[in-house]
Amino acid sequence: MMIWVNGELRGADDARVSVLDHGLTVGDGIFETIRVSDGRPFALTRHLDRLTRSARGLGLPDPDLDEVRRASAAVIEANPMAFGRLRITYTGGLSPLGSDRGDAGPSLVVALGEAVRRPDSTAVITVPWTRNERSALAGLKTTSYAENVVALARAHEHGASEALFANTVGQLCEGTGSNVFVVLDGRIHTPPVTSGCLAGITRALAVEWTGAQETDLPLDVLDRAEEIFLTSTLRDIQAVHRVDGRELPGAPGPVTAKSMRIFDERAGDDLDP
């Protein structure tokens, strides 16, 4: 594997950042994950726009998007594969121990690893921990991901691939790495970004292409939704066939199946929508 580290491609054994990098010591960093199929990244411009928004939200300098594009192209060319996950990581860089940033400038790492295409449906669980919709990090895609690691491990313990969070006022929010949609009376709904969820790239495209509505939803909507599906970079649209102990037979249901077809067609027509 060849990885871009601060201006150059390096082999995996030589791809290093300092142990004093702020992304490592305090999680002071942001990232994007981009689907790459046969050497072609999907929705790269939207992902880079969000990278900039996340940097500004965290108080980092704007990333040089021309450099990020060059790095991404170089990594994709150096690591040919049929289906992969491109990971762009941008951190506070070399800094003193503690929360203060240093003045060495940000670090940029771009890597590409093989990924597995998702099945059409999956199981999810809800977890007792909450997203803080008023957090300084709400809506930012940061490397401060430990609570997602804990929740996803809980999901795997229960035979599920994703864990869903409520926010602090009991509204449905998001998954550890996905957005969630529900079908009620044949209409598609998803929590608004004011719930504290990430403004997912696939989420935005699904809303645009399917006509889904942004709606404040209580967590217990999962007990009565006719259909449930997830969206994310590597899932695209994926139906849910079980949430906690509730089975949703026949998943993907008709609304989800139609949404999946629409997404596949639109994404196939435009790699950078």
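Residues numbered from 1 in each chain as written. Predicted model: local features only at pLDDT ≥ 70, side-chain atom pairs only at ≥ 80, totals over all residues. Heavy atoms only, no water.

Draft legend 1. Here's a closer look at the sheet that holds strand β2 (residues 8-11). As summarised here, the arrangement of the six strands in space is β2-β1-β6-β5-β3-β4, forming an open sheet in which the pairing is antiparallel. Either end of the sheet is taken by a strand with one partner, and the two such strands are β2 and β4 (40-41). With two bridges joining them, strand β1 (residues 2-5) and strand β6 (residues 107-114) adopt antiparallel strand pairing. Of the residues in β6, the one forming a bridge with W4 is V110. Sitting on the sheet, helix α2 (residues 44-58) is in contact with β3 (29-37), β4 and β5 (83-91), with an inclination near 175° to β3. Contacting β1, β2, β3, β4, β5 and β6, helix α3 (residues 65-78) runs over the sheet at an angle of about 30° to β6. (Pairing = 2+ DSSP bridges. Helix = DSSP H or I, 4+ residues; strand = E, 2+ residues; numbered from the N terminus. Contact = heavy atoms within 4.5 Å. Axes fitted to C-alpha atoms, helices over the stretch in contact; angles between N-to-C directions.)

Draft legend 2. Up close: α3. Relative to the 20 Å expected for 14 residues at 1.5 Å per residue, α3 spans 20 Å between its end C-alpha atoms, a close match to the ideal helical length. Taken together, the buried positions of α3 are V68, A71, S72, A74, V75 and I76. Looking at where α3 begins, the residue whose side-chain oxygen comes 3.1 Å from the main-chain nitrogen of D66 is D64. (Expected span 1.5 Å × (residues − 1). Buried < 20%, exposed > 50% of the residue type's maximum accessible area, 1.4 Å probe, protein only. Polar contact = N/O pair within 3.5 Å; in protein donor to acceptor, adjacent residues only side chain to side chain.)

Draft legend 3. Layout of the packing of helix α5 (residues 201-210) against helix α6 (residues 254-269). Where α5 contacts α6, the two axes come as close as 10 Å, and the packing angle between them is 105°. Comparing the axis directions of α5 and α6 gives the class roughly perpendicular. In contact with T202, L205, A206, W209 and T210 of α5, α6 contributes S259, I262, F263, R266 and A267. Across the contact of α5 with α6, the residue classes break down as six nonpolar, three polar and one charged. (Parallel < 35°, antiparallel > 145°, perpendicular 65-115°, else oblique. Nonpolar A, V, L, I, M, F, W, Y, C, P; charged D, E, K, R; others polar.)

Draft legend 4. Local environment of the side chain of T231. If you trace the backbone, T231 turns up in strand β13 (residues 227-232). Residue contacts for T231: discarding those within four places in its chain leaves S178, N179, F181, T202, R203, A206, D236 and I237.

Draft legend 5. Focus on the pattern of salt bridges. Overall, the coordinates contain eleven salt bridges when judged by the stated rule. Between R50 and E32 there is a salt bridge whose closest N-O contact spans 2.7 Å. With a gap of 18 residues between them, R50 in helix α2 and E32 in strand β3 connect regions that are remote in the sequence. By relative accessible area, which is 0% here, E32 ends up buried. Between R118 and D120 there is a salt bridge whose closest N-O contact spans 3.3 Å. Looking at R118, the relative accessible area reads 22%, which means it is partly exposed. The exposure class assigned to D120 is partly exposed, which follows from its relative accessible area of 46%. When salt bridges that share partners are traced, they join R131, E147 and E174 into one network. (Salt bridge = Lys/Arg side-chain N within 4 Å of Asp/Glu carboxyl O.)

Draft legend 6. Looking closely at a nonpolar patch on the surface. On the surface, a nonpolar cluster with roughly 520 Å² of combined accessible area is contributed by V19, L20, L24, L94 and L97. Here L24 lies in helix α1 (residues 22-25). By relative accessible area, which is 59% here, L24 ends up exposed. (Patch = residues over 30% accessible without salt bridge, like charges linked within 9 Å, V, L, I, M, F, W, Y side chains within 5 Å. Areas by Shrake-Rupley, 256 points an atom, 1.4 Å probe, with all protein chains shown as cover.)

Scope: geometric values only; no functional claims are made or implied.
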